[in-house]
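Chain by chain, the residues run as shown.
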Amino acid sequence: MKAKSGHILLEPARSYRDLVRVYPEIHQKVMDLNRPFAKEGETTLPAVLLEENLRDLRAGRKPAGHCRPDAFGMRLVFPIYEEKRVEFYFTKPFRCQEVVQITEQVSALLRRRGLKHSVEYDRLPLGPMRTPPGFPVPAAAGVLGGV
């Protein structure tokens, strides 16, 4: 199976504080996947990101995750939604097996630690269809007389 995003949704009674004890392992998995894309001179960056994210989790706040602008790197995103439910997801710019693998590994880790959750794939909202500049927006089906 291939996916572009793998989402982990904790049960509604959980908060960001519940991730403090498992987050270092999740962070390390993302860092290991991104090691081939790391730039020279960024050796202290993973430790700093980990500490910043742990500080936010301990305070019950949404952490930044790992959203480095690497072209093919794995991203860990904590989205902001209206619901009061803790969610995070892994994503790459294209559908691949790695997203499914890391999502399943983290899900198994959370189950071992007793954190109930659900897993979903490819549930990122897609925006409206875009066209290149200077081209008209495609009309809805049937508007042009059945063309």
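Quick caveat: nothing in here was measured; it's all calculated off a predicted structure.

**Q** With reference to specific residues and values, describe the nonpolar core.
**A** Within the largest apolar cluster, 26 residues are counted, with the highest numbers of intra-cluster contacts made by Leu19, Ile26, Leu76, Phe88, Phe90, Val106 and Leu110. Here the element with the most residues in this core is helix 3 (residues 97–112); it accounts for 6 residues. Excluding residues that lie within four positions of it along the chain, Val106 makes contacts with Ile8, Ile26, Lys29, Phe88 and Phe90.

**Q** Break down the environment of Pro46 for me, citing the residues and quoting the values.
**A** Along the chain, the position of Pro46 falls in helix 2 (residues 45–58). Sequence separation between Pro46 and His66 is 20 residues; the distance between their C-alpha atoms is 9.1 Å. In this structure, Pro46 is in contact with His27 and Met31, ignoring residues within four places of it in sequence.

**Q** Let's hear about the layout of surface pockets: which residues, and what values?
**A** The space that makes up the second largest pocket amounts to roughly 240 Å³. Lining the second largest pocket are 14 residues, with Tyr16, Tyr81, Glu83, Lys84 and Arg85 sitting closest to its centre.

**Q** Lay out the confidence of the model for the protein chain in plain terms, naming residues and giving numbers.
**A** Counting all residues, the mean pLDDT for the protein chain is 84, and 78% of those residues have values of 70 or more. Confidence scores differ between elements of the protein chain, with helix 2 showing the lowest mean pLDDT of 91 and helix 3 the highest of 96.

**Q** Go over the packing of aromatic side chains with me, naming the residues and quoting the values.
**A** Tallied over the full model, the rule gives 5 aromatic pairs. Among the aromatic residues, ring-to-ring pairing joins Tyr16, Tyr23, Phe78, Phe88 and Phe90 into one connected group.

Rules of the game
Residues numbered from 1 in each chain as written. Predicted model: local features only at pLDDT ≥ 70, side-chain atom pairs only at ≥ 80, totals over all residues. Heavy atoms only, no water. Core = buried A, V, L, I, M, F, W, Y, C linked by side-chain atoms within 4.5 Å. Buried < 20%, exposed > 50% of the residue type's maximum accessible area, 1.4 Å probe, protein only. Helix = DSSP H or I, 4+ residues; strand = E, 2+ residues; numbered from the N terminus. Contact = heavy atoms within 4.5 Å. 1 Å grid on protein atoms, 1.4 Å probe; cavity = no way out; pocket = protein on both sides within 12 Å on 5 of 7 lines; lining within 4 Å. Points joined across faces, edges and corners; volume = space filled by probe spheres on them. pLDDT = per-residue confidence, 0-100. Phe/Tyr/Trp six-rings, centres within 6.5 Å; stacked < 30°, edge-to-face > 60°.

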